[in-house]
Amino acid sequence: MTSASPQGNSGSPDKNRATAAALLPLVGGAANITSVAHCMTRLRLGIKDRSLVQDDALKALPAVMGVVEDDTYQIVLGPGTVARVTPVFEELVEEERTAAPEPQATGPAPAAGTTGAAAPTSPTGSSHPSGSSDGPGAPGDPAPLTPLTADELAAQGAAIKARRKAANATPFKLFLRRIANIFVPLIPALIGCGIIAGINGLLTNLGWLPALVPALTAIASGFMALIAVFVGFNTAKEFGGTPILGGAVAAIIVFPGVANITAFGQKLSPGQGGVLGALGAAVLAVYIEKWCRKWVPESLDVLVTPTLTVLLTGLVTIFGLMYAAGEVSSAIGTAANWLLAHGGALAGFVLGGLFLPLVMLGLHQALIPIHTTLIEQQSYTVLLPILAMAGAGQVGAAVAVYLRLPRNGSIRTTIKSALPAGFLGVGEPLIYGVSLPLGRPFITACVGGAFGGAFVGLFNQLGTAVGSTAIGPSGWALFPLLKGNHDLGTTAVIYAVGLLAGYVVGFLATYFFGFSKQMLTDLNTDTTRAPVAGGTAPGTSATGGDTAAAKAPAAV
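Computed from a prediction, not measured in an experiment: that's the story for all the values here.

### Considerations on a nonpolar patch on the surface
Thinking step 1. Together, Leu 346, Phe 349, Val 350, Leu 354, Ile 443, Val 447 and Phe 451 make up an exposed nonpolar region whose accessible area comes to about 630 Å².
Thinking step 2. Going through the elements one at a time, helix H11 (298-361) and helix H17 (440-461) are the ones with two or more residues in the nonpolar patch.
Thinking step 3. Among the elements that line the nonpolar patch, the one with the most residues is H11, at four residues.
Thinking step 4. Locating Val 350 in the fold gives a position in helix H11.

Below, the structure written as structure tokens:
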């Protein structure tokens, strides 16, 4: 399987620098950047003036798979590539700021194809002439003036994301986003250690390299043994405290000496409360630290504030949080195992079918600490392989759309460019570029995910657990991280058949039920001669690159 990114060899320093150099002026230059970070697939930028960002020009770059506007401006570069481009981009930002500390930017650079040229939306949010909110060409709608192209689908996807962003800006969902910001930076370590743990398990089962096994065990387990410290550090940073103080109070939880302490009539155990306890301790430390900064005299601040923060938070953690968080963590593990043991097929059907709507509502972020807690308790999460089936349904639906619209070259181009990423578990280009704007195919894709989840859940119910040692990857990329209560071969086969079920049901549901007759009439039309705004040919941008819609926007 080739990389999901079309840029080729992402390991070339020259290519990475060229990508970073191409991105910087299109986001308004260094003066328009307030922060730079990256996750698994995206370069995340804090932007001062949104009007200076040239969306269409960015999407037309060969290395860019899409863009997402959320609390930060996110440029999708793909796994691996983003980790190489980000430090180079930071260097270029610093160089530009050094050369011109206070550049004046008065407006967006003139460029063909900006977001201002997007097709107008109807009151229902659709940019299609029919104004249908149930996908283009719903029964009873007037025929469109021009064939629907991938550019129009991309505009509809952008409008949907804008509405979703506004709807998700509630205090509860913003809190969930902050929780996600704590755990997402841990994903690379979880993946690396998870893969090493899988290799170590394979060597142990085969009896190979017995002298190496203890070393690999230490390498794979070291991070998980101290994950609470990293959670505490990130929590304090996210909530505006001193990160090292957050790490210090979280370290109390994993300190072996807590085994000598009794709380609530019980001996504490190292690690009790886990990541949830660390999160709670760090949040408390932030509030105590802020209180101290407000009331402690400046002359004593450097001595008194950290001392009181660690002391007071430590006492509350030892004699309260560790026990309480430990009970909650145990309840999460018990509930997850009970749910899949007694209602595995039904639970898998519901989880696999509703995961993408949860993503749209921003509620999926609540699952991240649950996954991490399960991994900490039993070395794998049984929920992730089930939720991964949602992406399989999207892939199957996309293939059906491709076959049902043989004349619409624009949409077919989008699907062809996004399918490799979809197989590797990066489903957002298919979701926002194809299925969600069309309406019905998104629903039928969720049906495919539901059946794939039901299959994996059924085997959990029958006693064969299928889990993942890390969070983040999905699709085929999850195979190296699979783990369960049986041998790796059995676990991998169940997961693979679950993916196949998601592909097949998603395809069949979309092929037979994903289009009305009017939708097929509107969509199954040759778009190669259809005029587009600005006079450029479909499939190309005004800058001469590939169409932005062919690299549809993505979102986590």
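### A word on the packing of aromatic side chains
Here the distance between the centres and the angle between the planes together describe a pair of aromatic rings.
Thinking step 1. For the structure on display, the rule yields nine aromatic pairs.
Thinking step 2. Summarising the aromatic geometry, the rings of Phe 423 and Trp 476 are spaced 5.0 Å apart at their centres and angled 40° between planes, so their arrangement reads as tilted. Residue Phe 423 is found in helix H15 (residues 409-423), and its partner Trp 476 is found in the loop between strand S7 (466-468) and strand S8 (482-484); the two are separated by 53 residues along the sequence.
Thinking step 3. Plain terms: the ring middles of Phe 423 and Tyr 503 are 5.5 Å apart, the flat faces sit at 75° to each other, and that makes the pair edge-to-face.

### Things to note about the sheet that holds strand S2 (residues 42-47)
Thinking step 1. Here four strands make up an open sheet; going across it, the order is S1-S2-S4-S3 and the pairing antiparallel. Edge positions in the sheet fall to strand S1 (33-38) and strand S3 (66-69), since each has one partner strand and no second. If you compare each strand with its neighbour and ignore which way they point, the axes differ by 20° on average.
Thinking step 2. As paired strands, S1 and S2 are joined by five bridges and run antiparallel to one another. The residue of S2 that forms the bridge with Ala 37 is Arg 44.
Thinking step 3. Contacting S1 and S2, helix H3 (residues 81-99) crosses the sheet at an angle of about 160° to S1.

### Digging into helix H16 (residues 428-438)
Thinking step 1. Taken across its 11 residues, H16 has 11 buried, putting it largely inside the fold.
Thinking step 2. The set of residues buried in H16 consists of Glu 428, Pro 429, Leu 430, Ile 431, Tyr 432, Gly 433, Val 434, Ser 435, Leu 436, Pro 437 and Leu 438.

### Digging into the packing of H17 against helix H18 (residues 488-513)
Thinking step 1. For the pair H17 and H18, interaxial distance at closest approach is 7 Å and the crossing angle is 150°. When the interaxial angle is binned, H17 and H18 end up roughly antiparallel. Viewed along their axes, H17 and H18 form a crossing whose handedness is right-handed. Contacts from Arg 440, Pro 441, Thr 444, Ala 445, Val 447, Gly 448, Phe 451, Gly 452, Phe 455, Val 456 and Phe 459 of H17 reach H18 at Ile 494, Val 497, Gly 498, Ala 501, Gly 502, Val 505, Gly 506, Ala 509, Thr 510 and Phe 513.

### Brief notes about the nonpolar core
Thinking step 1. With 67 residues, the main nonpolar core has Phe 183, Val 231, Val 401 and Tyr 495 as its most contacted residues.
Thinking step 2. Core analysis: the next-biggest nonpolar cluster, separate from the first, contains 24 residues, Ala 20, Leu 26, Leu 43 and Val 88 among them.

### Looking at the environment of Tyr 402
Thinking step 1. Its place among the elements puts Tyr 402 in helix H14 (residues 389-404).
Thinking step 2. Taking relative accessible area as the criterion, Tyr 402 reaches 21% and is therefore assigned partly exposed.
Thinking step 3. Between the C-alpha atom of Tyr 402 and that of Thr 414, which follows or precedes it by 12 residues, the distance is 9.4 Å.
Thinking step 4. Setting aside chain neighbours within four positions, we find Tyr 402 in contact with Arg 412, Ile 415 and Lys 416.

### A look at the pattern of salt bridges
Thinking step 1. If you walk through the whole model with that rule in mind, you get six salt bridges.
Thinking step 2. With a closest N to O distance of 3.9 Å, Arg 17 and Glu 91 form a salt bridge. Taken together, the residues span a long stretch of sequence, with Arg 17 in helix H1 (residues 13-26) and Glu 91 in helix H3 at a distance of 74 residues.
Thinking step 3. Between Glu 238 and Arg 178 there is a salt bridge, and its shortest N-O distance comes to 3.5 Å. Of this pair, Glu 238 sits in helix H8 (residues 227-238) while Arg 178 sits in helix H5 (residues 171-183), placing them 60 residues apart in sequence.
Thinking step 4. Each of Arg 17, Glu 91 and Glu 95 takes part in salt bridges that share partners, so that together they form one network.

### Some thoughts on the packing of H11 against H17
Thinking step 1. In the contact formed by H11 and H17, the axes pass within 7 Å of each other and the chain directions differ by 150°. On the basis of the axis angle, H11 is roughly antiparallel to H17. Helix-helix and strand crossings are classified by hand; for H11 and H17 the assignment is right-handed.
Thinking step 2. Among the residues forming the contact of H11 with H17, the class breakdown is 13 nonpolar, 11 polar and no charged.

Parameters and conventions
- Residues numbered from 1 in each chain as written.
- Predicted model: local features only at pLDDT ≥ 70, side-chain atom pairs only at ≥ 80, totals over all residues.
- Heavy atoms only, no water.
- Patch = residues over 30% accessible without salt bridge, like charges linked within 9 Å, V, L, I, M, F, W, Y side chains within 5 Å.
- Areas by Shrake-Rupley, 256 points an atom, 1.4 Å probe, with all protein chains shown as cover.
- Salt bridge = Lys/Arg side-chain N within 4 Å of Asp/Glu carboxyl O.
- Helix = DSSP H or I, 4+ residues; strand = E, 2+ residues; numbered from the N terminus.
- Phe/Tyr/Trp six-rings, centres within 6.5 Å; stacked < 30°, edge-to-face > 60°.
- Pairing = 2+ DSSP bridges.
- Axes fitted to C-alpha atoms, helices over the stretch in contact; angles between N-to-C directions.
- Contact = heavy atoms within 4.5 Å.
- Buried < 20%, exposed > 50% of the residue type's maximum accessible area, 1.4 Å probe, protein only.
- Parallel < 35°, antiparallel > 145°, perpendicular 65-115°, else oblique.
- Left-handed = near helix turned anticlockwise from the far one by under 90°.
- Core = buried A, V, L, I, M, F, W, Y, C linked by side-chain atoms within 4.5 Å.
- Nonpolar A, V, L, I, M, F, W, Y, C, P; charged D, E, K, R; others polar.

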